[in-house]
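The lines below spell out each chain.
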Amino acid sequence: MTWVLIIPLAIITALLVWRIGHLQRLVTHMRTELAGLTDAAVLQAPDAAALIGSPRPTLITIEILNPFELAMKENRFAGPAAAVAPDLLRQEVTRQALQRVREELVKQGVKAEVRVVRGA
């Protein structure tokens, strides 16, 4: 009874040993070929920036230097609001300026991405 199990096990083991040897020879062959290609131009990565270029975006920055004066022109309650919440007032002035710039660019037919980027 044990011979019935041992013979197939021995055959499967022999096949696996043969397959592992075959794979090891294949790996050795591939390593030899790869060693010959190490200096080949095929393995050198192309310079992507040279191929497609690296266009840098053109940016126009606007810094509002007098947000409180602008707010006072728009609303007479801006003075007391600036005393209580100056950061909130600056944000509102920036939001309104952003909206006006967008509207003017659209009127002129300019397709642009207009956004606020806060400095550090």
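See the structure above.
How each quantity is defined
- Residues numbered from 1 in each chain as written.
- Predicted model: local features only at pLDDT ≥ 70, side-chain atom pairs only at ≥ 80, totals over all residues.
- Heavy atoms only, no water.
- Helix = DSSP H or I, 4+ residues; strand = E, 2+ residues; numbered from the N terminus.
- Buried < 20%, exposed > 50% of the residue type's maximum accessible area, 1.4 Å probe, protein only.
- Contact = heavy atoms within 4.5 Å.
- Patch = residues over 30% accessible without salt bridge, like charges linked within 9 Å, V, L, I, M, F, W, Y side chains within 5 Å.
- Areas by Shrake-Rupley, 256 points an atom, 1.4 Å probe, with all protein chains shown as cover.
- Salt bridge = Lys/Arg side-chain N within 4 Å of Asp/Glu carboxyl O.
- 1 Å grid on protein atoms, 1.4 Å probe; cavity = no way out; pocket = protein on both sides within 12 Å on 5 of 7 lines; lining within 4 Å.
- Points joined across faces, edges and corners; volume = space filled by probe spheres on them.
- Nonpolar A, V, L, I, M, F, W, Y, C, P; charged D, E, K, R; others polar.

A word on the environment of alanine 71. On the secondary structure map, alanine 71 appears in helix α3 (residues 67–74). Accessibility expressed as a relative area gives 8% for alanine 71, which makes it buried. On a C-alpha basis, the gap between alanine 71 and alanine 81 in space is 9.6 Å, while along the polypeptide they are ten residues apart. With residues up to four places along the chain from it excluded, the contact list for alanine 71 reads Ala78, Leu89 and Val93.

So, about a nonpolar patch on the surface. Residues Trp3, Ile6, Ile7, Ile11 and Leu15 make up a contiguous nonpolar surface patch of about 550 Å² in total accessible area. Summarising the element assignment, isoleucine 11 is placed in helix α1 (residues 2–37).

Here the largest pocket defines a volume of roughly 1,100 Å³. Forming the boundary of the largest pocket are 24 residues, of which Ile60, Ile62, Arg115, Val116 and Val117 lie nearest the centre. Top contributing element to the lining of the largest pocket by residue count: helix α5 (residues 86–107), with eight residues. For the lining of the largest pocket, the class distribution of residues is 13 nonpolar, five polar and six charged. Taken as a whole, the second largest pocket encloses approximately 240 Å³ of empty space.

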